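Close look at the chain arrangement
So the chains spell out like this:
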Amino acid sequence: MKLKLLTLAIAAFQATAIAAKADDNRQVFIYSPDKNGGLHIAVQEGGKWREAGRLCSSDYGTWGAEKLMFHPSVTRAHDGTWRLVFQVNDHSPQFAAAYSNDLVNWRPQDYPVMSTSQCLDPVVFPNPDGTFDIYFKSPEGKRWTSATPNFRHFTPDSASQISDEAWMRDTATVDGRLHEGNSFEITPKEWAKIEQHFKQSGEDWRKSNERMHDDAKNAPFSMLKAPLKATLTVDMNKKKAISDKLIGIFFEDISYAADGGLYAEQVQNRDFEYTPRDHRGWDATTAWHSSSPIDIATEHPLSANNPHYAIIGLDTLWNEGWDGIVVEKGKKYDFSMYVLGGGQKQNFKVLLVGQDGQVLAKGKVKSRASDWQQYSTVLTATGSDAKARLALIPQKVARVGIDMVSLFPQETFMNRKNGLRRDLAQVIADLKPKFVRFPGGCMSHGQGLENIYHWNETVGPLQDRKPDFNIWNYHQTRGLGFFEYFQFCEDIGAEPLPVLAAGVPCQNSACNAKGIGGQQDGIPMDQMPAYIQELLDLIEWANGDPLTSKWAKMRADAGHPAPFHLKYIGIGNEDIISTVFEERYEMIARAIRQKYPDIKICGTVGPFHTPSADYLEGWDFTKKHPDLQYMVDEHYYESTGWFMHHRDYYDNYDRSEAKVYLGEWAASTNVKRPNVETALAEALYLTDIERNGDVVEMTSYAPMLSKDGHSNWNPDMIYFSNTTVRPTPAYHVQRLFSVYGGDQYVTSELRIPNAELSHRLGASVVRDSKSGKIYVKLVNALPCELQLTVNGLDIPATAKIEGFEGKPEDQQFTVNKGEAGNAIVLPPYSFRVIEL
Ligand code: AHR
């Protein structure tokens, strides 16, 4: 037990005011205005405190309920750097700890786990040896822990007898309210950096709010006189190699993208495994109906991973499907189910019944076996209905168990069994994505440690796959599992890019049973070897030889003896780049590098662009460990204004560092639906991505799919219902850049006399070295016509041209095809691709 006396604490406390005394030094006060407000700084001016801005905010736990900051305590180390601790809530054995060199950029927060049930009001003091003392209160009394100088490692906590004076804070009245906090004297240079940061953020915010929709109200756009004239000068002698995989897709089971969506299974809750964890109010009988209560049993399960099944007596059992079952006249449907006879024989009528009670298809199943046995029949529809139901009608007096009740249209994508919805898969295939990222998103790292996606639970016989709740508040059957994802990639000629957890769950996870929230301290170190092995097994499963590898044999047994040729693996999904993350990422990446040096590892740099804490720390980590990733995954969802004003984002990236995978991105307006404005902002940005295709290897718009009535997120690339598939303007931009992509970037320069309009114009020339074709992409995001003179490239009047135009708010348009004509004229708010 460490006994710390008040004198030591006070000595440390005083050591915080280390800035040299000078007349022009600034007095600042660091505090939190309220639990949701994060850490703020005020500066003293004319004897009063002026609020200057927010320095950082809490990243602990779930959105809504958590992300709170109580009682921040800030101290200055003897080397001038800063440390912050704060209480995260009143029910977790954790406090938050963060580090900053300059008060502007903060390293992502760590949440050390203490031995107590609560860590209340932590306070931090520097020691002369560079370490830090941290005291906090708990139901067990005052406690003490010590932090290493880099603030990454914390000793086990013990009782402390420090005086209450350690918790004394400064006070200041800011904006008329009295606050507790810490005051410091800092140099003019330090203050100038902080002020500049706030000024820059304000300017960025202003630009990010620029909207095409408002052009008629705002100069210079409201003053423009058509036609504008611009010149595109192309230098065919100056080319550079760029990635030939720039456009891929992001697939996550969000907004019913998989179950109820792309996965063609028509029976909802086929395995009777729904639980309230999936969705409040759901249970094993959800989506099933009968005139009497449905009995659910667990005594003799079909599979340990599917413990529940229904007992069916004489009453008809109905399944409502996913918002109904689509039945089309003349089409065939594969019905199957497992029956547990238990010594009884049963005959079932299997019907598809329309909304008006009309029987649309019928079949019979005779169960004879005593133990679980699968029975199947093919139903041929004699009528159509978009909202039919499935009826199982027992014909004899008997009570038998049923499980894995399934109905698939025979016409799936590529006619695969256990396949994908044909219309939806075809629209995705038409995009000609160069890669598919799966299974998420947040679904990869999951809501808490227990919900981390384990690929090996998603392969093999359907009844043995392990269903789980979906972080997006519904159920994952895992019927669309890793085998089906890899098969789909192969079917559409895309590279598979599985992204799996880096040994940590989503940082927005709720508290577990021990009260540990967020990353929940990661997979315990003693379980990491098994987790790492699981990831190595995936590579073996995908690429191994069935004759020598049991994992590859599983793949062969599932119908794919040839390897899937996995080349990429993603580790982590926009994680907070905490110490817990870094330690686990490094272990995983080292193991993969050692065993499979040819596999290209994709790391992550958090959920946002520069200058967010995770982005900065993620890139710092990446640069310090160049051997641990081939590329890193960047994510940012931003306004159209942000994209139009950050056209140079990748221009100055160091080409000798890791490549970039822009794995999740989308432009949005307050309407939160893709429209001409978002599409043009994305097209502009993609011309810049092509220019930077030597450092950006891949991009994927996110999310891809959203089912009507089940949306978790907006905007999305493709909206759909059971009977419609509706690609959005975002889809068309992705498709045009994908279909007309190249592997060489040709230097070009677009000039317009009025330079302040240039962020609204885009041009990019790429060449496909295999076909020799050249593609010229042109974007006009201005409200008036643009006449373009092209130098250095002959564009014949017969050249093929494809594109769209519209009003910024239009959510639909027709993609037109035609010929270039003699002059290149871009209508207001338009996009064109010319093929040469
Ligand atoms: O694309 C939707 C979600 O956005 C993803 O699951 C997550 O990675 C990101 O926050």
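Residues numbered from 1 in each chain as written. Predicted model: local features only at pLDDT ≥ 70, side-chain atom pairs only at ≥ 80, totals over all residues. Heavy atoms only, no water.

Description of the confidence of the model for the protein
Should pLDDT be low for a region, the predicted coordinates there are not to be read in detail. The test is simple: The quantity called pLDDT is the predictor's confidence in a given residue, expressed from 0 to 100. Contact criterion: two residues are considered in contact whenever any of their non-hydrogen atoms come within 4.5 Å of each other.
Mean pLDDT over the protein stands at 96; residues scoring 70 or higher make up 97%. Long-range and interchain partners of residues 1-20, a stretch whose pLDDT sits below 50, account for 41 contacts in this model, where long-range means more than four residues apart.

Here's the deal with the pattern of salt bridges
Close approach of charged atoms lets side chains of opposite charge pair. Just so we agree on the cut-off: Any carboxyl oxygen of Asp or Glu that lies within 4 Å of a side-chain nitrogen of Lys or Arg is treated as forming a salt bridge with it. To qualify as a helix, a DSSP run of H or I must reach at least 4 residues; to qualify as a strand, a run of E must reach at least 2; elements of each kind are numbered from the N terminus.
Applying the stated criterion to the full structure yields 47 salt bridges. The closest approach of N and O atoms between Glu-328 and Lys-331, which form a salt bridge, is 3.4 Å. A salt bridge links Arg-437 to Asp-633, with the shortest nitrogen-to-oxygen separation between them at 2.9 Å. Taken as a pair, Arg-437 in strand S26 (residues 435-438) and Asp-633 in strand S32 (residues 631-639) lie far apart in primary sequence, 196 residues in all.

Things to note about the sheet that holds strand S42 (residues 800-805)
Across a sheet, strands are paired by hydrogen bonds formed along the backbone, either parallel or antiparallel in direction. The cut-off we apply is this: Only strands joined by at least two bridges in the DSSP assignment are considered to pair. Geometry is summarised by axes, namely lines fitted to C-alpha atoms with helices restricted to the contacting stretch, and by angles between N-to-C directions that run from 0 to 180 degrees.
The nine strands are arranged S43-S42-S45-S40-S39-S38-S13-S41-S44 in an open sheet whose pairing can be described as mixed. Looking at strand neighbours, the two that pair on one side only are strand S43 (816-819) and strand S44 (824-826), the edges of this open sheet. For this sheet, the mean angle separating the axes of adjacent strands, direction not counted, is 25 degrees. Relative to strand S41 (residues 786-791), strand S13 (residues 228-241) runs parallel, the two being bridged by six bridges. In the strand pairing of S41, Thr-231 is matched with Thr-789. With respect to the sheet, helix H12 (residues 729-739) is in contact with strand S40 (774-780), S42 and strand S45 (830-835), its orientation differing from that of S42 by roughly 160 degrees.

A few points about the site of the ligand
So the rule is basically this: Proximity is defined per residue: any heavy atom of the residue falling within 4 Å of a molecule or strand makes that residue near it. By the criterion applied in these results, polar contacts are pairs of N or O atoms within 3.5 Å in which, for protein atoms, one can donate a hydrogen and the other can accept it, and in which residues neighboring in sequence qualify only through two side-chain atoms. Note on areas: Shrake-Rupley with a 1.4 Å probe; residue coverage comes only from the protein chains shown.
Near the ligand, the surroundings consist of Phe-250, Glu-252, Ile-254, Gly-441, Cys-442, Trp-472, Asn-573, Glu-574, Tyr-637, Glu-664, Pro-703 and Trp-713. Glu-664 is positioned such that a nitrogen or oxygen atom in its side chain is 2.6 Å from an oxygen atom of the ligand. Bound to the protein, the ligand loses 95% of the 280 Å² it would expose on its own.

Thoughts on the packing of aromatic side chains
The condition that has to hold: Stacked, tilted and edge-to-face pairs are distinguished by plane angle, under 30 degrees for stacked and over 60 for edge-to-face with tilted covering the rest, among Phe, Tyr and Trp rings (Trp via its six-membered ring) whose centres lie within 6.5 Å. For each residue, the accessible area found with a 1.4 Å probe, counting protein chains only, is set against the maximum for its type, and the residue is called buried under 20%, exposed over 50%, and partly exposed in between.
Tallied over the entire structure, the rule returns 53 aromatic pairs. Ring centres of Tyr-274 and Trp-282 lie 4.5 Å apart, and the angle between their planes is 10 degrees; this geometry places the pair in the stacked category. For the pair formed by Tyr-274 and Trp-282, the shared burial category is buried. Relative to Tyr-685, the ring of Trp-665 has its centre 5.7 Å away and its plane inclined at 45 degrees; by these criteria the two rings are tilted.

Focus: the sheet that holds strand S17 (residues 309-312)
Strand order in this open sheet of five strands is S16-S17-S25-S20-S23, and the pairing throughout is antiparallel. The two strands at the open ends of the sheet, each matched to only one other strand, are strand S16 (295-297) and strand S23 (372-380). Here the average twist between neighbouring strands, direction ignored, is 40 degrees. Pairing between strand S20 (residues 332-340) and S23: nine bridges, direction antiparallel. Bridged to Lys-332 within S23 is Thr-380.

Section: the pairing of strand S4 (residues 70-76)
Of all seven residues in S4, five are buried; the element is thus mostly enclosed. Sheet topology note: the S4/strand S5 (residues 82-87) ladder contains five bridges and is antiparallel. Note that in S5 the partner of Val-74 across the bridge is Leu-84. Between the antiparallel neighbours S4 and S5 lie five residues, among them Gly-80 with a positive phi of about 90 degrees.

Things to note about helix H5 (residues 482-492)
Within H5, ten of the eleven residues are buried, leaving the element largely enclosed by the surrounding structure. Within H5 the residues assigned to the buried category are Phe-482, Phe-483, Glu-484, Tyr-485, Phe-486, Gln-487, Phe-488, Cys-489, Asp-491 and Ile-492. Contacts made by the buried residues of H5 are with helix H3 (422-430), S26, strand S29 (495-500), helix H6 (528-543) and helix H7 (550-557). The positive-phi residue at the C-terminal boundary of H5 is Gly-493, with phi of around 70 degrees.

Here we look at the packing of H5 against H6
Quick reminder of the rule: For classification purposes, angles smaller than 35 degrees are called roughly parallel, those larger than 145 roughly antiparallel, those between 65 and 115 roughly perpendicular, and all remaining angles oblique. In this scheme, a crossing is called left-handed if the near helix is turned counterclockwise away from the far one by less than a right angle; it is called right-handed if the turn is clockwise. Side-chain classes are defined by residue name, with Ala, Val, Leu, Ile, Met, Phe, Trp, Tyr, Cys and Pro counting as nonpolar, Asp, Glu, Lys and Arg as charged, and the others, Gly among them, as polar.
Running from N to C, H5 and H6 point in directions that differ by 50 degrees, and their axes come no closer than 12 Å. Classed by the angle they form, the pair H5 and H6 counts as oblique. The element H5 and its partner H6 pack so that their crossing is right-handed. Every residue of H6 that contacts H5 at Phe-482, Phe-483 and Phe-486 is listed here: Leu-538, Trp-541 and Ala-542. Looking at the contact of H5 with H6 residue by residue, the class counts come to six nonpolar, no polar and no charged.

Some thoughts on the nonpolar core
We apply this condition: By convention a nonpolar core is built from buried Ala, Val, Leu, Ile, Met, Phe, Trp, Tyr and Cys residues, the set being connected through side-chain atoms within 4.5 Å.
By size, the foremost hydrophobic cluster in this structure holds 119 residues, and its most contacted members are Phe-251, Phe-482, Trp-541, Tyr-650, Tyr-685 and Leu-705. Every residue in contact with Phe-482, bar those within four places of it in the chain, is listed here: Phe-438, Pro-439, Tyr-453, Trp-455, Thr-458, Val-459, Pro-498, Leu-500, Leu-538 and Trp-541. Val-267, Ile-312, Ile-325 and Val-327 belong to the second-largest nonpolar core, a separate cluster that totals 30 residues.

Examining a positive patch on the surface
Condition: Any residue with relative accessible area above 30% and no salt bridge may belong to a patch, with like charges joined within 9 Å and the nonpolar Val, Leu, Ile, Met, Phe, Trp and Tyr side chains within 5 Å. Only four residue types enter the charge count, namely Lys and Arg as positive and Asp and Glu as negative; His and the chain termini do not. For this purpose, a charge sits on NZ of Lys, CZ of Arg, CG of Asp or CD of Glu.
Where like charges cluster on the molecular surface, the positive patch consists of Lys-345, Lys-349, Lys-362, Lys-364, Lys-366, Arg-368 and Lys-396. Here the element with the most residues in the positive patch is strand S22 (residues 359-367); it accounts for three residues. In this structure, Arg-368 sits in the loop between S22 and S23.

So, the environment of Ala-781
Note that Ala-781 resides in the loop between S40 and S41. Ala-781 sits in the buried class, given a relative accessible area of 0%. In this structure, the C-alpha to C-alpha distance between Ala-781 and Gly-493, residues 288 residues apart in sequence, is 33 Å. Setting aside residues no more than four positions away along its own chain, Ala-781 makes contact with Met-212, Asp-215, Leu-680, Leu-684, Arg-760, Leu-761 and Tyr-829.

Some points on the environment of Leu-352
Along the polypeptide, Leu-352 turns up in strand S21 (residues 346-353). The sequence separation of Leu-352 and Ser-255 amounts to 97 residues, and the corresponding C-alpha distance is 26 Å. If sequence neighbours within four positions are ignored, Leu-352 has contacts with Val-327, Tyr-333, Gln-358, Val-359, Leu-360, Ala-361, Leu-379, Arg-389, Leu-390 and Leu-407.

Some words on the side chain of Asp-215
One can find Asp-215 in the loop between helix H2 (188-208) and S13. By relative accessible area, Asp-215 is classed as buried at 3%. Excluding residues that lie within four positions of it along the chain, Asp-215 makes contacts with Phe-221, Ser-222, Arg-760, Ala-781, Pro-783 and Tyr-829.

Observations concerning the packing of H6 against helix H8 (residues 579-595)
Running from amino to carboxyl end, H6 crosses H8 at an angle of 40 degrees, the nearest separation of the two axes being 10 Å. In terms of their interaxial angle, H6 and H8 are classed as oblique. As H6 runs across H8, the sense of the crossing is right-handed. Counting all contacts with H6, which are made through Met-528, Tyr-531, Ile-532, Leu-535, Leu-536 and Ile-539, the residues of H8 involved are Arg-584, Met-587, Ile-588, Ala-591, Ile-592 and Lys-595. In terms of residue class, the contact of H6 with H8 is built from ten nonpolar, no polar and two charged.

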